[in-house]
Amino acid sequence: MIVDLLKPEFDELIEAKDWVALKDILNDVPAVDVAKLLEELEAEVAIVIFRLLKKQKAADVFTFLSSGKGMELLDMFTAQQLSDVMSNLEPDERVALMEELPGNLTQRVMNSMEVEDRKQVQKLLGYPEESVGRLMTPRYVKIRRDWTIQRGMDNIRRFGQSAETVNVIYVVDEEEHLIDDLRLNQLILADPEAPISSLMDESFEALSAFDDQEDAVKMLSKYDRVAMPVVDSDGILVGIVTVDDIIDVAEEETTEDMQLMAGMDVLDDYYSQTTIFEMIKKRIGWLAFLFVGQLFTTTAMGAYESVIANAVFLSLFIPMIISTGGNSGTQAATLIIRALSTDDIDMNEWLKVLGRELLSGLILGLIMAVIGFFVIIGWGYMTSDTLTQELILSAVVVGLSLIGVVLWGNLSGSMLPFALSKMGLDPAVTSAPFVSTLSDVTGIIIYFSIAIALLEGIVL
């Protein structure tokens, strides 16, 4: 990485306090890499380096800083620095910052903004949390259908500098209702004297300002767009959402899902910025819940205490059985959660999923049963050099149990996301540990039920 190459020289210039050379280097380094360098510095040094940056570069660097480091610097900014940074941030970036600020900094930051910028932020903050309205920017270029293409191009030149993107131009009517969107290349290649309406087909896709941010991720991905228009409940164009913002949302959503599936609460910040105490608080709830859940496994084992006492060898295969069921359930849950989150399947298709997982679970179970049977036979033969009736029956019990636990793991792992969604919960909380705990209990019951049925009167 460029950061690793720059760091020795960067540290050397700081040590020598050669601010002139440092300024020349920093303004040629990508903003994301400058932010990475600042993250590793003490706040007192980082603020000095930050002051060497040009205004727009400083704002870009600030957007890449972690929330912890960003707040450290904000607290040390002069009034002018604060004003410079806030004026050069995009509206959606200002909103994202305001959402994270503690109360003591919020008013100071708001007061540092220009009146128009403050009104924009207040308007965007009026939309629900996690909504597209919080994510959009009001910086876009719009044109009218009755204009000539030449007039439209003049308008783009006039307002394009302040727009977040000019790849897509939006057509609105007299009441500001969105009626179409056009790609810039359509305008460039058209006859300058032709009307804008000659390029229109009045076919477009738009997001509602009240949609969830995840909907924006899906829409931009589905239609392969660099930006999507955002309208209010009356169809009036109020902003746009761009792909760079969506990438950040997609990353956050994926991180949240992974943390939930790991059996913990979602972290409020990056791992490196989370304190140990906060980390413990996020993990202990699920850890304690799953520990208590394992008591059901102990209870199930206790119910078969007499069986284990008469056939101790059965206990040797318990880890193999329950771990296979847990793995099967985790696979199924992960596949279904991901399919639901990408709209590959919807909530009404649970019956179709049930049929697929029933068939795939049965086939997987049969394959595992064959593998399990021969593994037990081979293991027993290597340890005793003989094939006893007890060994063969044990292999049969293990094989049949594997069919049962894999089938049950598939069904429970695939259906739990649907059940949780119906209850209004995030399907991602069908975490791997949760499915494994459920599979442990049922695996014990399936295993010993089959063992009793086959070994009664022979071994037991």
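Small disclaimer: the values here were computed from a predicted structure and weren't measured.

Cut-offs applied
Residues numbered from 1 in each chain as written. Predicted model: local features only at pLDDT ≥ 70, side-chain atom pairs only at ≥ 80, totals over all residues. Heavy atoms only, no water. Core = buried A, V, L, I, M, F, W, Y, C linked by side-chain atoms within 4.5 Å. Buried < 20%, exposed > 50% of the residue type's maximum accessible area, 1.4 Å probe, protein only. Helix = DSSP H or I, 4+ residues; strand = E, 2+ residues; numbered from the N terminus. Contact = heavy atoms within 4.5 Å. Pairing = 2+ DSSP bridges. Axes fitted to C-alpha atoms, helices over the stretch in contact; angles between N-to-C directions. Salt bridge = Lys/Arg side-chain N within 4 Å of Asp/Glu carboxyl O. Phe/Tyr/Trp six-rings, centres within 6.5 Å; stacked < 30°, edge-to-face > 60°. Patch = residues over 30% accessible without salt bridge, like charges linked within 9 Å, V, L, I, M, F, W, Y side chains within 5 Å. Areas by Shrake-Rupley, 256 points an atom, 1.4 Å probe, with all protein chains shown as cover. Lys, Arg positive; Asp, Glu negative; His and termini not counted. Charge placed at Lys NZ, Arg CZ, Asp CG, Glu CD. Polar contact = N/O pair within 3.5 Å; in protein donor to acceptor, adjacent residues only side chain to side chain. Parallel < 35°, antiparallel > 145°, perpendicular 65-115°, else oblique. Left-handed = near helix turned anticlockwise from the far one by under 90°. Nonpolar A, V, L, I, M, F, W, Y, C, P; charged D, E, K, R; others polar.

Draft legend 1. Broad picture of the nonpolar core. Counting 38 residues, the largest nonpolar core has L38, I49, F50, L74 and F77 as its most contacted members. Broken down by element, this core gets its largest block of residues, five residues, from helix α3 (residues 31-39). The residues contacting L74, other than those within four sequence positions of it, are F62, L82, L97, L101, L105, R108 and V109. Listed in part, the 27 residues of the second largest apolar core include L314, I322, L402 and F448.

Draft legend 2. Just the sheet that holds strand β1 (residues 142-144), in detail. The three strands are arranged β1-β2-β3 in an open sheet whose pairing can be described as mixed. Of all the strands in the sheet, just β1 and β3 (178-183) have a single pairing partner and so form its edges. On average, adjacent strands in this sheet sit at an angle of 35° to one another, irrespective of strand direction. Bridge count for β1 against strand β2 (residues 168-172) is three bridges, and the pairing is parallel. Directly across from I143, in β2, lies its bridge partner V171.

Draft legend 3. Quick look at the pattern of salt bridges. Scanning the model with the defined rule gives eight salt bridges in all. E202 is paired through a salt bridge with R145; the nearest N and O atoms lie 3.0 Å apart. With E202 in the loop between α13 (184-189) and β4 (207-208) and R145 in the loop between β1 and α12 (149-159), this pair connects stretches of sequence that are 57 residues apart. For E202, a relative accessible area of 44% corresponds to the partly exposed category. Given the relative accessible area of 36%, R145 is considered partly exposed. Note that K352 is salt-bridged to E349, the shortest N-O span being 3.9 Å. Taking the relative accessible area as the measure of exposure, K352 reaches 53% and is therefore exposed. Of the residues examined, E349 reaches a relative accessible area of 23% and is grouped as partly exposed. Among the ionic contacts, a cluster of salt bridges with common partners joins K142, R144 and E176.

Draft legend 4. Focus on the sheet that holds strand β6 (residues 237-242). Reading across from one edge, β4-β5-β6 is the order of the three strands in this open sheet, with mixed pairing throughout. Strand pairing shows two members of the sheet lacking a second neighbour, β4 and β6, which therefore form its edges. Across two bridges, the pairing between β4 and strand β5 (residues 227-231) is parallel. Residue pairing in the sheet places L207 in a bridge with V230 of β5.

Draft legend 5. Focus on the packing of aromatic side chains. Counted under the stated rule, the structure contains six aromatic pairs. Taking the centre distance of 5.5 Å and the plane angle of 65° together, the rings of Y127 and F210 count as edge-to-face. Of the two residues, Y127 sits in the loop between α10 (115-125) and α11 (132-135) while F210 sits in the loop between β4 and α14 (213-223), which places them 83 residues apart along the sequence. Pairing Y304 with F448 gives two aromatic rings, centres 5.0 Å apart and planes at 15°, and the pair type is stacked. Of the two residues, Y304 is situated in the loop between α16 (276-303) and α17 (305-310) and F448 in helix α21 (residues 432-455); the sequence distance between them amounts to 144 residues. Y304 sits in the buried class, given a relative accessible area of 14%.

Draft legend 6. Summary view of a negative patch on the surface. Side chains of E100, E129, E130, D212, D215, D244, D248, E251 and E252 sit close together on the surface and give a patch of like negative charge. Broken down by element, the negative patch gets its largest block of residues, four residues, from helix α15 (residues 243-261). Looking at the element boundaries, E129 is found in the loop between α10 and α11.

Draft legend 7. Representation of the pairing of β5 in the model. With five of five residues buried, β5 lies mostly within the body of the structure. The pairing of β5 with β6 spans five bridges and is classified as antiparallel. Its bridge partner lying in β6, P229 is registered against I240.

Draft legend 8. Layout of the side chain of T137. As for its placement among the helices and strands, T137 is situated in the loop between α11 and β1. Using a relative accessible area of 0% as the deciding quantity, one classes T137 as buried. A distance of 3.2 Å separates a polar atom in the side chain of T137 from the backbone nitrogen of R139. Apart from residues no more than four positions distant in its own chain, T137 is found in contact with E90, P91, D92, E164, G239 and I240.

Draft legend 9. Region of the structure containing the packing of helix α19 (residues 350-384) against helix α20 (residues 389-422). In contact at an axis separation of 7 Å, α19 and α20 are set at 155° when each is read in the N-to-C sense. By the angle between their axes, α19 is roughly antiparallel relative to α20. The hand of the α19/α20 crossing is right-handed. Across the contact of α19 with α20, the residue classes tally to 25 nonpolar, eight polar and one charged.

Function cannot be inferred from these measures alone, as they are strictly geometric.
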